[in-house]
Amino acid sequence: MDKSGALAYIYAKASGSISKSFVESRISKLFEPKSLADLWTLIFKTPAPLIPETLLAQEIEKEAFRRFIDQYIDFISCFDKPDDFLQDQFFIYEVENLKEIGAALCSGEKDCPDLVELKDYTTLHTEKWPDIKAITAGTEYAWYNKVPGKHEQQEMEFRLDLQAYRHIWDSIHTVHDETREGLIDFFTEAFIIKNTIWALRLKLYYNLPKEEIIPKLIVVTDNKPSMDPIAGPVLRLLDKDVDKYDDWSDWKYSQFLNPYVAGNLWQIDPLWIEKKSKIYQNKKAVTLFHSYPLTSTAIVAWYKIKQFELGCIRTAVEALRLNVSSQDAMNVVGAGEIHG
C-alpha cells in the first residue's frame, strides 16, 4: 500500500481502537468486574477460559499484550517500507527477548524461554537456540556472543539497555516533517523521567553516592554525561536532598512529586513520580495522536497509548487477584485524574 493510503487506513483503524480502549474516561470500567473471568469478558468480549484463577490472571495479561503487538505489526505491515522509527519501537522488546535468552542460558535452562513474538520484525535467530553466538549473528547485538556469567549478566543487560535507548533516540531524530518537534519532545521527557526515577532508586534504596550513580544512567549521545540531553538534567538533581521538599519544589517536573504537608516528614517517592508521570505521558500521547493525524507520529502515539492501557489492565488484574479495593486500584493508575 502506498504511504498516504496506508496512513489514512491505519489512522482510521487506530482511532476506532482508541475509542474502544480502556484509556481516559474508560479506564474506570476496568475496575468494575468482580472476578477475573468477568474482566476477561470485558476486555476480550469472549467467555473466559476454564482455568484456575492464577493462570487466568497470567493469561489476561499475555492475551492483552499479544493483541497489542499483533495490532501494531498489522499497522506497520500496511506500508511497502515503514519509517524506521516505526519499526524501531520494537527495539526495546527485542532487547528484553535477548535478556530472557541470556538469563535462561546463564541459569542452564534447556528450553528457550517464552519470548515476545515480533514476527518479521525481529532480527534475532531464535531458531538457533541454544547457540547464543548464532542467535545474535549479523544483528546489532552480535557483540553479545557468549553466555554471560552471573557476575557479568547485569553489566551486559545494561549495555543492551543503553543500545536500545540510543537506537530509538537516533531513530526519532531521522524524522523531518511537521511532527518532529512534538515527537522529540515526547521521547526526551519520557527518557529524562525514566532516568530520574532510576537515579532516585539507586540513591534511596541502594545508598549509592553520586559518582557511582552517574555511570549507571542512560545516555543517548557520545557526549560526557553532563552534556547528554537525557543524563545531563538528571545529574543536576543528584545533589538535591531527598528529604527536603524545598530542594525539589523548583524541579521542572515538580507536579509529579508526592504531596508535602508543612510540619510533616517528607521523602521523595520514585514510585509516586512514576505513577504520575505515566498519566502525564499518556495525556501527551493522546494529544500527539490528535494533533498529527495521518502521520507516522500518530501511529507511535497510538502505540504509547496502548502501552498505558496494558499497565492499567495489569493493575486491574492484580487488584482482583490480591483483593485490593477498586478505588485503591484506580488511584494507582490515576483513573480519577485523567481529565484533571
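Please refer to the structure higher up on the page.
Residues numbered from 1 in each chain as written. Predicted model: local features only at pLDDT ≥ 70, side-chain atom pairs only at ≥ 80, totals over all residues. Heavy atoms only, no water.

Caption draft 1: Summary view of the packing of helix α7 (residues 153–172) against helix α8 (residues 180–205). Closest axis-to-axis distance for the α7/α8 pair is 10 Å, and the angle between their directions is 160°. Taken together, the axes of α7 and α8 are roughly antiparallel relative to one another. Taken as a pair, α7 and α8 cross one another with a handedness that is left-handed. Only L183, I184, F187, T188, F191 and K194 of α8 make contact with α7, whose side of the interface consists of Y165, I168, W169 and I172. Of the residues that constitute the contact of α7 with α8, the class distribution is eight nonpolar, one polar and one charged. (Axes fitted to C-alpha atoms, helices over the stretch in contact; angles between N-to-C directions. Helix = DSSP H or I, 4+ residues; strand = E, 2+ residues; numbered from the N terminus. Parallel < 35°, antiparallel > 145°, perpendicular 65-115°, else oblique. Left-handed = near helix turned anticlockwise from the far one by under 90°. Contact = heavy atoms within 4.5 Å. Nonpolar A, V, L, I, M, F, W, Y, C, P; charged D, E, K, R; others polar.)

Caption draft 2: Examining the pattern of salt bridges more closely. Overall, the coordinates contain 19 salt bridges when judged by the stated rule. Note that E96 is salt-bridged to K99, the shortest N-O span being 3.2 Å. Taken together, the residues span about one helical turn, with E96 and K99 both in helix α5 (residues 91–106) at a distance of three residues. Residue K99 is classed as buried on the basis of its relative accessible area, which comes to 12%. (Salt bridge = Lys/Arg side-chain N within 4 Å of Asp/Glu carboxyl O. Buried < 20%, exposed > 50% of the residue type's maximum accessible area, 1.4 Å probe, protein only.)

Caption draft 3: Structural detail: the packing of aromatic side chains. The tally for this structure, following the rule as stated, stands at 22 aromatic pairs. Summarising the aromatic geometry, the rings of F68 and Y303 are spaced 5.1 Å apart at their centres and angled 45° between planes, so their arrangement reads as tilted. Taken together, the positions of F68 in helix α3 (residues 53–76) and Y303 in helix α13 (residues 296–321) put the pair 235 residues apart, joining distant regions of the chain. For the pair F68 and Y303, one class covers both residues: buried. (Phe/Tyr/Trp six-rings, centres within 6.5 Å; stacked < 30°, edge-to-face > 60°.)

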